[in-house]
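If you want the building blocks of each chain, they are given just below.
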Amino acid sequence: MMQSQGKKPKILFTLCFITCNESILMLNRQYPPWMGKWNGLGGKIEHGETPQKGIIREVCEESGILLPSVTDKGIVRWTDNGVETGGMYLYLAIMPNNQQLKTPQKVAEGVLDWKWISWVLHQENQGIADNVPFFLPKMLYDSRRYEHFCSYENGTIANFRSKLMR
Ligand SMILES: Nc1nc2c([nH]c(=O)n2[C@H]2C[C@H](O)[C@@H](COP(=O)(O)OP(=O)(O)OP(=O)(O)O)O2)c(=O)[nH]1
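In the nomenclature of an unreviewed UniProt entry, the chain is known as 8-oxo-dGTP diphosphatase of Seinonella peptonophila.

Draft legend 1. The arrangement of the overall build of the chain in detail. Broken down by element type, the chain carries three helices and 10 strands. Reading the helices (α) and strands (β) of the chain from amino to carboxyl end gives β-β-β-β-α-β-β-β-β-α-α-β-β. Dimensions of the chain, computed from C-alpha atoms along their principal axes, come out at roughly 50 × 40 × 30 Å. Residues classed as buried in the chain amount to 48% of the 166 residues present.

Draft legend 2. View of the pairing of strand E6 (residues 83-94). In this structure, strand E1 (residues 13-20) lies alongside E6, joined through seven bridges in parallel fashion. Across the sheet, Thr19 pairs through a bridge with Ile94, a residue of E6. As judged from the nine bridges shared by strand E5 (residues 71-80) and E6, these two strands associate in the antiparallel manner. By the bridge assignment for E6, Gly74 is matched with Leu90. Hairpin connection from E5 to E6: two residues lie between these consecutive antiparallel strands, with Asn81 at a positive phi of about 50°.

Draft legend 3. Representation of the environment of Ile11. With respect to the helices, strands and loops of the structure, Ile11 is situated in the segment before E1. Along the backbone, Ile11 and Ser118 are 107 residues apart, and their C-alpha atoms lie at a distance of 29 Å. Dropping the residues within four chain positions of it, Ile11 is found in contact with Ile45, Ile75, Arg77, Gly87, Met88 and Tyr89.

Draft legend 4. Quick peek at the nonpolar core. Phe17, Val132, Phe135 and Leu136 are the most contacted members of the largest nonpolar core, which totals 22 residues. Secondary structure elements with two or more residues in this core: E1, strand E2 (23-29), E5, E6, helix H2 (117-121), helix H3 (132-141) and strand E9 (146-153). Examining the composition of this core, we find that five residues originate from one element, H3, more than from any other. Aside from chain neighbours lying at most four places away, what touches Val132 is Phe17, Asn39, Val120 and Pro137. Residues Cys16, Leu41, Tyr91 and Ala93 belong to the second largest nonpolar core, which totals 18 residues.

About the thresholds
Residues numbered from 1 in each chain as written. Predicted model: local features only at pLDDT ≥ 70, side-chain atom pairs only at ≥ 80, totals over all residues. Heavy atoms only, no water. Helix = DSSP H or I, 4+ residues; strand = E, 2+ residues; numbered from the N terminus. Buried < 20%, exposed > 50% of the residue type's maximum accessible area, 1.4 Å probe, protein only. Pairing = 2+ DSSP bridges. Contact = heavy atoms within 4.5 Å. Core = buried A, V, L, I, M, F, W, Y, C linked by side-chain atoms within 4.5 Å.

So, in structure tokens, the structure goes:
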């Protein structure tokens, strides 16, 4: 397989999953990437911002939820036909009460809804951003941090592997 040369690209994005009991807050995005698919909340890190500040800002902008803290769950990096093209920092947050956010709710980025975790984790679920079922179980059920590598070949996942961090 062709390898990318030189420096790894900077990680520019963040993604957060917020759980409440057996539910998880998902965004059905109305814009690319993942238009029409359910994903976590997140976005691009702004200049001079830490990834953690960035995700807290994005969650607030997209849902109005002001998270007091988030748990760092590692990184996803992706390659397209062997060339590393990007990455995102992963965060998890737990909310005591999902009534703090009534859903479904239309927001600027799409539709927010509390979904059953079991539905989201179903591998063949075509409605979810395609790589989420590969890394979400570790985010939810493993306290360790992972670096995940998602290889796309012509737009579909050809390989996915996860490595413990530190
Ligand atoms: N599940 C999953 N999510 C991804 C992948 N790649 C990727 O960027 N995302 C997430 C990270 C971000 O949360 C989101 C993209 O952010 P965005 O383009 O909407 O950024 P933004 O909100 O700052 O948007 P804007 O200012 O450009 O409108 O998609 C991926 O491979 N898998």
